[in-house]
Amino acid sequence: MRAESNGTSRQILCVFPRYTSSFGTFEHAYPLTDGVRAFMPPQGLLLLAAYLPKEWQVKFVDENLRRATKEEFEWAEAVFVSGMHIQRQQMNDICRRAHEFDLPVALGGPSVSACPDYYPSFDYLHVGELGDATNQLLEILSRDTSRPGQQVVLTTKDRVPMTEFPIPAYELADVKRYFLGSIQYSSGCPYQCEFCDIPGLYGRNPRLKSPEQIIAELDRLRECGMTDTVYFVDDNFIGNRKAAMDLLPHLIEWQKKTGYVVRLACEATLNIAKRPEILEKMREAYFVTIFCGIETPDPDALKAMHKDHNMMVPILEGVRTINSYGMEVVSGIIMGLDTDKPNTAEALLAFVDESRIPLLTINLLQALPKTPLWDRLEKEGRLVDDEGRDSNVNFLLPYEDVVASWKHAMGVAYEPEKVYARFQYQCDEVYPHRLKMPVPDEMKAWPNIRRGLVMLRNIFWKVGVLGDYRRVFWKFALGRIRRGDIEGLIGCTMIAHHLITFARAASSGKQNASNYSIRLREASVPAE
């Protein structure tokens, strides 16, 4: 489905802002690859690019790959931007640069939808999902591309059904330069975790695409060059369990047809461990990773944040169950909760050791607008408006102690020996449970062999020769080589290198203690 045109033709420049250095974007792994420069293709802007009237021309620039040029701004009649809170300064900078060319700039996406007041400089604010507000914006620009006298706020009331979404314009993105492919199946989540803004932004009744749409999008990603892992960016893959079960047979058939070249990953609540019928189908569809928002191993804390569904099965048992289907668990962890105690960091580190989860994104609690947490802390007078802090929450424990505990947890959890020990466990106890099939011809072709050789060269030189933890690396690497597991060697080493490098910066105070903090020490471009 495309928006209708009134016969006009416009030139639209879609610009996606750079990310600030973050634990979850894996930028320290990129130098070990064969040319990866960015995390994932942005779904929002590529969807919008595909929705524009067919008479309109569109260019797409991801500033994680390169900056938009003077020539591109001169070509454009309007600029569209989208992003998350962590990209706030970079979004404002794109707006400033576009205004130097007197271009109208429209901003959409999750950050402006939650906090329109963060963006006073933009000409148009698009609040909400694709829908009537989008059509209003396009209608305005079809009539007049001059900048409005004052900011115009357009709010979606009638959303386009996801079954009518066009395939995102992946062909505009340099797909081969991304660490992961991205795909969206649903929007919304039925749960109401206190700290999460998803229900407030997108609703509690998940909206869905059809399985046929997902297969068409996967085909398009493959046509555009994606051959590695595709990540379902849905906030909860099993937000609608029946729909997930309806989709999985289609994914299984697609994998059989394409030779299981692509691996799949997703986010899901930990209670997926209670659904063996879903896990078995996910294994058959070649899902290899599930991100679970475990948040904390403390049952009292889970109850307090209304994440009782994490207690439907003991956490460690749930992790082991998922592992038994060949899927590695990645976890989100929050520190600074009201239930935290002085020994919380040590309890967390004990959980890390026992769970053997290799990758845990450990963040300080941040109160986001449109969440129950924000509302509660606002009533209690515990929101802190200080951009010099790593969190906007007035913790019950002393702020300095909480930050020090976070730094300690990051430093210890990601010591090279500990990281590689956890990956060794995955190689020995988790990956062997994955679906086994012959190596497809595509993987035996010279371009893929060359990619592997380039990555091995980079890994051996940058980690095995120049790295200061090379003894730990070689102990792991030689074991993988003896077993003929080159794929495991490459995959584990890339992620481990990022985790170790980022955690060292974090524990020394050079990185934010929250992915949502607006304290952007290393903004990639100057802010407005």
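Just above sits the structure.
An account of the accompanying structure is given in this report. These numbers come from a predicted model, not from an experiment.

Looking only at helices and strands, the chain features 19 helices and 14 strands. A globule of 528 residues ought to have a C-alpha radius of gyration of about 24 Å, and the chain, at 23 Å, matches this closely. Seen through its principal axes, the chain has C-alpha atoms that stretch 65 × 60 × 50 Å. Residues classed as buried in the chain amount to 57% of the 528 residues present. The long-range fraction of contacts in the chain, counting pairs at least 24 apart against all pairs at least 6 apart in sequence, stands at 78%. Carbon together with sulfur atoms contributes 52% to the accessible area of the chain, which is approximately 21,700 Å² in total. Across the chain, the mean location of the 62 positive side-chain charges is 5 Å away from that of the 69 negative side-chain charges.

Our focus in this paragraph is the environment of Phe460. As for its placement among the helices and strands, Phe460 is situated in helix H17 (residues 446-465). Not counting residues within four places of it along the chain, the set of residues in contact with Phe460 comprises Val465, Phe473, Trp474, Ile481 and Leu489.

This brings us to the packing of helix H8 (residues 241-258) against helix H9 (residues 276-284). Direction vectors running N to C along H8 and H9 enclose 25°, while the axes themselves pass 9 Å from each other. Judged by the angle between their axes, H8 and H9 are roughly parallel. Crossing angle aside, the handedness with which H8 passes H9 is left-handed. When H8 is examined against H9, the residues Arg241, Met245, Leu248 and Ile252 are found in contact with a partner set consisting of Glu277, Ile278, Lys281, Met282 and Glu284. Partitioning the contact of H8 with H9 into residue classes produces 5 nonpolar, no polar and 4 charged.

Packing of helix H7 (residues 211-223) against H8 brings their axes to within 9 Å, and their N-to-C directions diverge by 30°. Compared by their axis directions, H7 and H8 come out roughly parallel. Between H7 and H8 lies a crossing of right-handed hand. Contacts between H7 and H8 pair Pro211, Glu212, Ile214, Ile215, Leu218, Asp219 and Arg222 from the former with Asp246, Leu247, His250, Leu251, Trp254, Lys257 and Thr258 from the latter. Considered class by class, the residues forming the contact of H7 with H8 number 7 nonpolar, 2 polar and 5 charged.

Each value, and the rule that gives it
Residues numbered from 1 in each chain as written. Predicted model: local features only at pLDDT ≥ 70, side-chain atom pairs only at ≥ 80, totals over all residues. Heavy atoms only, no water. Helix = DSSP H or I, 4+ residues; strand = E, 2+ residues; numbered from the N terminus. Rg over C-alpha atoms; globule rule 2.2 N^0.38 Å. Buried < 20%, exposed > 50% of the residue type's maximum accessible area, 1.4 Å probe, protein only. Contact = heavy atoms within 4.5 Å. Areas by Shrake-Rupley, 256 points an atom, 1.4 Å probe, with all protein chains shown as cover. Lys, Arg positive; Asp, Glu negative; His and termini not counted. Charge placed at Lys NZ, Arg CZ, Asp CG, Glu CD. Axes fitted to C-alpha atoms, helices over the stretch in contact; angles between N-to-C directions. Parallel < 35°, antiparallel > 145°, perpendicular 65-115°, else oblique. Left-handed = near helix turned anticlockwise from the far one by under 90°. Nonpolar A, V, L, I, M, F, W, Y, C, P; charged D, E, K, R; others polar.

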